[in-house]
Each structure stands twice: as C-alpha cells, then as structure tokens.
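Coordinate analysis (summary)
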Amino acid sequence: MVTRGPTSVAYGSDAIGGTINLIPRIFYSNTRHFQLKPEVMVRLSTADKGKNYTFKLEGGNERFSFTGVGGYKDIGDLRAGKNVNVQSPTGWSEIDGNINLRYTINANNSLDFNYLLVNQKEVPRYDKYVTGQYQKYIYEPQKRRLSYINYNYKPVGSWISDFQWNVSYQQEHEGKTLQKTGSSTVKKIMNRIYTIGTFACLSSIVSEKHIIKGGIEYYRDIVRSSGKKIKIDSSEEIRGDFPDKSIYNSGGIYIKDEYLYSKKLNLTAGLRYSYFAFKSPLEAPWGCLLYTSDAADELDGVDLGG
C-alpha cells in the first residue's frame, strides 16, 4: 500500500514525503476444505548474469491459512554498458524466506504470525573499490530475522471499525571485512542489533467520509558492536562501528482525523507526540554521542572516553 504525501502523524518524522506499507499476503478461503496452491518462478538477467529462484506455497480453509515463500539469488558482476564495461566486484548471493500464518478465531477476531529471514553473502561496496582506496570491502554476514504476532479485531456494528495489536522481535547482524590497498592489515567489524517492539492502532468510521484513527508504539534497540584488527603476526580487539551495549528507545502516540470532501479533496488533522532516548557506555546515561560507521573507520586512534 502506497500513501502519498506527509504521513508523519501515524509513522513518525521520517514519513514526510509518503509511506510504503508492505502488507503480507494472506490466502483467503471460504470453504471448510483445505486447499493448496504452489507456484514456482525463475528469473534470469543478462546484465549481471543473475539467477533468481522463488518457490511459493499457500493454502488453507476458512479457519486456518498460510503463505510460505522461499528464494535464492545469485547475482554476478554488473556489465554496465558502453565505456564502463564490467563493474567488479558487484556480485552477491542471497537466501530468503517468509511464512505467514493466520488463524481466524471467529468473524470478528483473528491472529497472524509472520517470520521473515534474509541472509546475504559477500556483498561488496563497489564505490570503495573504484576509488582505489580499498582492495577489500565486503559485507558478510548480512542477516535479518523478523518475527511478530498480530491480533486483529474487526467488530460488526460497533464504533470501532478496526483494532490491531502487534508484538515483534527482530535481529540484524552485519559484518564487514576491510583491507586498504597496499596494506596487510585486515579489519573485521561485527554489528548486532536486537529490537523488541509493540504497537496498537484503532480506527473508527464515523461516516462514509469521516474516519478517526489513533495509535501508540514503542521500540527498544540493543546494539552489540565489536571489531578486530588482524595483522600478519598478531591481532587486537578494536572499537566497532557503534558504542557496544548501547540502548535506543523510541515511542509515540498519535491521533488523526480525516474527512473526505471529494475524490480530489480531503482534510486531515493530526497530533503526535514522539519520544526518543538512548544510553551509551561511552557517555553519561541517556547521552547524545553518535558517530557513523564511515567515521568509525577513521577513529581507530582517537580516545572517545569511557
């Protein structure tokens, strides 16, 4: 679902130009008999000698349904065209999968469970190679795991038209291997982010043209970051991209009133309160020390305190 225009009231300050909301596919059936529907897709590309294989299986009945998707990608170096030739290295590989389960309790209530995984290997950062600054700049591992449970309530004949409550847990692992041109020293950086979160949202259809929506959300990120510098005859622990054991909390509460005058004109009024705080071992509790991963590459010899 694509929402054009500012949507910062519902989705936060980053959603100033629009929002893309990816909604998992649900298999619908109104029969008691269990149905299965398999699908296989193969896509080949010549510019990068890419191969993409996807297998999907969905099925269910009126009470229980599922959709499962698994895929494998093998992307080679990109042949960019005239006067550019092959951009090497730009190839990478990926294994991914997603499963979505829905249990319909009754006409008004249902539960969704979703699990997503993405695992990419040897992802190069080509802009670091083309400048000649690095002879190796690889992201590996690149892993993401997301799982959530979503409760849906859609009563009939009530002032509440839709209510959702979601609880989620996500893991992101990102490793980097860096070696500058002409150097025998190799840096290995590992960043791990663990996120727990929850949100609840409610909507009420006042009339055909009038909708009121509101919600509340909270997320907590825990960051583990470490590094190692490997030389020919030794190795040492170094700082990672971020302060290790940092914690980032964010939350918000909002209400939005929409009135549709016509197909070309609608009026939206909204109010949102957002909360952000983070705690870093390199700064006083709930401090404000931030530095980016690119800057961290240059900070090996700088003492940031602690």
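The model shown is predicted, which means the values in this text are computed figures rather than measured ones.

1. Concerning the pattern of salt bridges
Across all of its chains, the model carries twelve salt bridges by this definition. Ionic pairing is found between Arg272 and Glu217, a salt bridge with its closest N-O pair at 2.7 Å. Residue Arg272 is located in strand β17 (residues 266-279), and its partner Glu217 is located in strand β14 (residues 210-230); the two are separated by 55 residues in the primary sequence. Put simply, Glu258 and Lys256 hold a salt bridge, and the shortest N to O gap is 3.3 Å. Looking at Glu258, the relative accessible area reads 22%, which means it is partly exposed.

2. Describing the nonpolar core
Core analysis: the biggest nonpolar cluster contains nine residues, these being Val123, Tyr129, Tyr134, Tyr137, Ile138, Tyr139, Leu178, Ile189 and Ile238. Counting residues per element, this core draws most heavily on strand β11 (residues 134-153), at four residues.

3. Remarks on the packing of aromatic side chains
Scanning the model with the defined rule gives five aromatic pairs in all. When the ring of Tyr134 is compared with that of Tyr137, the centres are 5.0 Å apart and the planes differ by 85°; the resulting orientation is edge-to-face. In this pair, the class of Tyr134 matches that of Tyr137, namely buried. Between the aromatic rings of Tyr137 and Tyr139, the centroid separation amounts to 5.9 Å while the plane-to-plane angle is 55°, which identifies the pairing as tilted. Both residues of the pair, Tyr137 and Tyr139, count as buried. Here the aromatic cluster, defined as three or more aromatic residues joined through ring pairs, consists of Tyr134, Tyr137 and Tyr139.

4. Looking at the pairing of strand β9 (residues 109-121)
Bridge count for strand β8 (residues 92-104) against β9 is twelve bridges, and the pairing is antiparallel. Pairing of Gly97 across the sheet is with Leu117, part of β9. The antiparallel pairing of β8 with β9 creates a hairpin that spans four residues between the two strands. Examined bridge by bridge, β9 and β11 share twelve bridges and lie antiparallel to one another. Its bridge partner being in β11, Asn114 is matched across the sheet by Tyr148.

Basis of the calculations
- Residues numbered from 1 in each chain as written.
- Predicted model: local features only at pLDDT ≥ 70, side-chain atom pairs only at ≥ 80, totals over all residues.
- Heavy atoms only, no water.
- Salt bridge = Lys/Arg side-chain N within 4 Å of Asp/Glu carboxyl O.
- Helix = DSSP H or I, 4+ residues; strand = E, 2+ residues; numbered from the N terminus.
- Buried < 20%, exposed > 50% of the residue type's maximum accessible area, 1.4 Å probe, protein only.
- Core = buried A, V, L, I, M, F, W, Y, C linked by side-chain atoms within 4.5 Å.
- Phe/Tyr/Trp six-rings, centres within 6.5 Å; stacked < 30°, edge-to-face > 60°.
- Pairing = 2+ DSSP bridges.

As far as function goes, none of this settles anything; it's purely spatial.
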